[in-house]
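Chains, contacts and geometry: an overview
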Amino acid sequence: MKITGITKITGVFGYPVKHSLSPVFHNAAFRYLNLDYVYIPIEVAPENIGNAVKGIKAMNFAGVNITVPYKTTVMPYLDEIDADAKMLCAVNTLVNKEGKIKGYNTDGHGFIRSIKERGITLKDKTIFLLGAGGAACAVADALVKENVGKICICNRTDQKAITLKEHLLKTRNFQGGCVVPFAQKNNEEYWGNVDILINTTSIGMQEYDLPLVEERFIKPLKLVYDIVYNRETDIIKFAQKAGVPFIDGLSMLVYQGAVAFEFWTGITAPVEEMKKAVGLDR
Ligand code: ATR
């Protein structure tokens with residue numbers, strides 16, 4: 001990779017960013033397609049996030065990803081925000097178009113793309129969704145747009161599950177939301193018709209985490225999706241053992257990146273190469 005004065009700059013703003021995998025697969029994609037772009041992780045302290053956005057214009061970056069903890073707090077500094085991102089109150093990608101910075105959220109789109117690529121359809125499916133935070137909201141919104149039939153939301157703080165269900169009703173007129181009380185998540189009555197289990201909580205990131213869902217509910221499923229990406233979680237192991245298709249958080253990370261890559265370059269992302277770069281060859 002030869003960097004010159006005309007190399008287009010992209011990257012990620014976060015705090016911290018030292019463990020980010022995004023530079024690995026974005027730079028691999030640029031190299032593979034021989035594009036004169038580079039992707040740099042940039043640690044931005046909280047008091048500097050506004051100035052960092054101004055810097056995108058000043059230094060003519062093509063765009064950046066936005067990660068924790070700035071997905072919401074960066075929004076007031078943008079010139080424009082895509083309607084979906086506005087609704088989710090979170091952006092993860094900024095695009096510099098002729099000196100105007102527009103914010104997008106590629107999490108939902110990337111999530112859906114990773115499922116469709118596995119040949120799994122979502123229409124009318126029943127989803128069991130663990131979690132009701134920012135990631136759950138992006139995932140649920142994307143699922144509703146794909147016309148899933150039912151989303152059963154289960155969260156440690158039950159009230160947040162109720163709020164997410166109401167949000168889907170209000171913003172998308174989605175009537176298929178239901179809440180599974182956290183204490184009852186392993187009751188059979190909630191599992192009868194479930195097609196897809198999605199974990200959006202942080203449970204599974206630590207080796208000592210106990211799985212939220214019992215193994216006996218996994219076998220009949222059509223897909224298990226766990227957005228944890230730093231290790232193989234128990235629910236992914238259960239799926240593997242039961243021969244149920246599964247997708248982990250590394251795939252979601254690569255696919256949301258692929259959508260951002262396409263915003264910046266206007267070129268179809270080489271997803272297989274990006275996956276290979278992070279050791280995902282399946
Ligand atoms: P993100 O934007 O990644 O979704 P978040 O908004 O902080 O991050 O949400 C984290 C999710 O993990 C929440 O659903 C949280 O449950 P609460 O709403 O009750 O906080 C869930 N979570 C975190 N730690 C958990 C734990 N020990 N057991 C169960 N759920 C947990």
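The shown structure was predicted, so the numbers you read here are calculated from the model rather than taken from an experiment.

What counts and what doesn't
Residues numbered from 1 in each chain as written. Predicted model: local features only at pLDDT ≥ 70, side-chain atom pairs only at ≥ 80, totals over all residues. Heavy atoms only, no water. Salt bridge = Lys/Arg side-chain N within 4 Å of Asp/Glu carboxyl O. Helix = DSSP H or I, 4+ residues; strand = E, 2+ residues; numbered from the N terminus. Buried < 20%, exposed > 50% of the residue type's maximum accessible area, 1.4 Å probe, protein only. Near = heavy atom within 4 Å. Polar contact = N/O pair within 3.5 Å; in protein donor to acceptor, adjacent residues only side chain to side chain. Areas by Shrake-Rupley, 256 points an atom, 1.4 Å probe, with all protein chains shown as cover. Axes fitted to C-alpha atoms, helices over the stretch in contact; angles between N-to-C directions. Parallel < 35°, antiparallel > 145°, perpendicular 65-115°, else oblique. Left-handed = near helix turned anticlockwise from the far one by under 90°. Contact = heavy atoms within 4.5 Å. Phe/Tyr/Trp six-rings, centres within 6.5 Å; stacked < 30°, edge-to-face > 60°. Lys NZ or Arg CZ within 6 Å of the ring centre and 35° of its normal.

Some remarks on the pattern of salt bridges
A side chain with one charge can pair with a side chain of the opposite charge if their charged atoms come near. Scanning the entire structure with this criterion turns up 16 salt bridges. Across the salt bridge formed by Glu80 and Lys102, the nearest N and O atoms sit 3.4 Å from each other. With Glu80 in strand β4 (residues 80-81) and Lys102 in strand β6 (residues 100-104), the pair connects residues that are 22 residues apart, well separated along the chain. Between Asp84 and Lys145 there is a salt bridge, and its shortest N-O distance comes to 2.5 Å. Linking Asp84 in helix α3 (residues 83-88) with Lys145 in helix α5 (residues 134-145), this pair joins segments that are 61 residues apart in sequence. Accessibility expressed as a relative area gives 38% for Lys145, which makes it partly exposed. Within the structure, one salt-bridge network assembled from shared partners comprises Asp84, Asp141, Lys145 and Arg172.

A few points about the site of the ligand
In the vicinity of the ligand lie 13 residues, with Ala135, Asn155, Arg156, Thr157 and Lys160 positioned nearest. Gly134 places a polar main-chain atom, nitrogen or oxygen, 3.2 Å from an oxygen atom of the ligand. One nitrogen or oxygen atom from the side chain of Arg156 is found 2.8 Å from an oxygen atom belonging to the ligand. Alone, the ligand offers 640 Å² of accessible surface; in the complex the protein occludes 64% of this.

Things to note about the packing of helix α4 (residues 107-116) against α5
Between α4 and α5, the shortest axis-to-axis distance is 8 Å and the interhelical angle comes to 60°. Comparing their axes, α5 and α4 come out oblique. Taken as a pair, α4 and α5 cross one another with a handedness that is right-handed. Taking contact as the criterion, the partners of Asp107, Gly108, Phe111 and Ile112 in α4 are, on α5, Ala138, Val139, Ala142 and Leu143.

Re the environment of Leu94
If you trace the backbone, Leu94 turns up in strand β5 (residues 93-97). With a relative accessible area of 0%, Leu94 lands in the buried category. With 82 residues separating them in the primary sequence, Leu94 and Val12 have C-alpha atoms 9.5 Å apart. Those residues in contact with Leu94 that sit more than four places away from it in its chain are Val53, Ile56, Ala62, Gly63, Val64, Ile66, Leu78, Ile101, Lys102, Gly103 and Trp264.

Considering the packing of aromatic side chains
Enumeration over the complete set of coordinates arrives at seven aromatic pairs. Taking 4.0 Å as the distance between ring centres and 25° as the angle between the ring planes, the aromatic pair formed by Tyr104 and Phe263 counts as stacked. Separated by 159 residues along the polypeptide, Tyr104 in strand β6 and Phe263 in helix α8 (residues 249-265) bring together distant segments of the chain. Accessibility expressed as a relative area gives 16% for Tyr104, which makes it buried. For Phe263, a relative accessible area of 33% gives the class partly exposed. When the centroid spacing of 4.6 Å and the interplanar angle of 40° are considered together, the rings of Phe111 and Tyr225 count as tilted. Residue Phe111 is located in helix α4, and its partner Tyr225 is located in strand β11 (residues 223-226); the two are separated by 114 residues in the primary sequence. One aromatic cluster is present, formed by Phe30, Tyr37 and Phe261 through successive ring pairs. Taking the ring centre of Phe182 as reference, the NZ or CZ of Lys185 above it sits at 3.9 Å.

Remember that the coordinates give geometry; whether it matters functionally is a separate question.
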